[in-house]
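# Secondary and tertiary structure notes
For reference, the chains in residue letters:
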Amino acid sequence: MYTTIPKHFPNAILMSEFQDRIIADFKNMNIDPNDTVWATSICSDELNNLLQGLNSVFAGPGPFRLGGISGLPFVGITGFNAFLSHAPAHGCAMIIYGPHIGVSGNGILGEVNRQNQFGLTTCCGSLVGALNSIKADQILPFDNPLDYQQARVIKHLDQYRNEILEDEFPLKKATDFAYIDIHIKLNRIIDALKPTLNDIKLYMIGGIVINTDWDKEDWFEVRDSELITF
Ligand SMILES: [Zn+2]
């Protein structure tokens with residue numbers, strides 16, 4: 001784990017350091033966190049109930065969850081608009097976004113040991129499942145209301161199938177592409193909402209969540225951060 005994380009995520013910082021960085025960013029931007037609501041677009045996996053310390057810093061109770069499995073913002077324009085409408089008057093909204101990937105204690109990418117389990121389980125299970133579907137050429141139908149999120153995840157990754165499957169570390173590559181797609185999708189939603197927004201600031205900070213075994217602190221590698229004013 002301690003060699004795998006820096007090898008694949010050279011800019012990763014501990015989750016507690018990431019939390020401190022966010023608070024420092026608000027100080028540098030001269031925005032009061034008390035006037036800010038926060039959201040995540042991160043996979044539904046309970047391992048990602050991170051950064052709960054931010055609830056005592058930002059306007060609560062947070063976070064609004066924009067993400068479904070994989071971290072794609074499945075709440076769409078409607079959910080995003082609802083979140084922004086919860087921001088304090090003349091205030092700010094913040095979104096932490098990105099996919100996640102496990103790194104087990106013995107350095108296996110895509111797996112972690114969860115509390116009171118004896119073995120390892122996949123992490124992110126959605127991305128691992130999508131990768132397996134692409135390998136097997138099994139694209140799920142979109143009209144199944146019982147599994148439509150995973151059908152979308154597979155469709156997203158399938159755009160990059162050759163680059164993913166030819167990579168030495170396909171799951172890492174799939175995670176990188178998932179990040180790009182989450183980033184693009186959030187920005188497309190912002191573009192769609194732009195004409196209706198005014199008097200609000202939006203701070204976006206995205207990257208890769210790196211989960212470790214249950215008794216170890218998780219990590220975050222920041223890829224983008226931006227303050228948008230409407
Ligand atoms: Zn996941």
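Residues numbered from 1 in each chain as written. Predicted model: local features only at pLDDT ≥ 70, side-chain atom pairs only at ≥ 80, totals over all residues. Heavy atoms only, no water.

Backbone torsion omega between Gly60 and Pro61 reads -10°, so that peptide bond is classified as cis. Along the chain, the position of Pro61 falls in the loop between β2 (36-41) and β3 (64-65). Gly62 connects to Pro63 through a cis peptide bond whose omega is -10°. Tracing the sequence through the fold places Pro63 in the loop between β2 and β3. A positive phi is found at Leu51, a non-glycine position, where the angle reads about 60°. Mapped onto the fold, Leu51 is located in the loop between β2 and β3. Take Leu51: its relative accessible area is 8%, and that puts it in the buried class. (Helix = DSSP H or I, 4+ residues; strand = E, 2+ residues; numbered from the N terminus. Buried < 20%, exposed > 50% of the residue type's maximum accessible area, 1.4 Å probe, protein only.)

Take the packing of aromatic side chains next. Tallying each qualifying case throughout the model produces 6 aromatic pairs. Both rings, one in Tyr97 and one in Tyr179, keep their centres 5.7 Å apart while their planes meet at 10°; by these two values the pair is stacked. Separated by 82 residues along the polypeptide, Tyr97 in strand β4 (residues 92-97) and Tyr179 in helix α7 (residues 170-193) bring together distant segments of the chain. Of the two residues examined, Tyr97 and Tyr179, each falls in the buried class. Considering the side-chain rings of Tyr160 and Phe177, the 4.0 Å spacing of their centres and the 5° angle between planes classify their relative orientation as stacked. You can see Tyr160 sitting in the loop between α5 (148-158) and α6 (161-166) and its partner Phe177 sitting in helix α7, a full 17 residues away along the chain. With respect to class, Tyr160 is no different from Phe177; both count as buried. Pairwise contacts between aromatic rings join Phe26, Phe58 and Tyr203 into one cluster. (Phe/Tyr/Trp six-rings, centres within 6.5 Å; stacked < 30°, edge-to-face > 60°.)

Read these as geometric descriptors, not functional statements.
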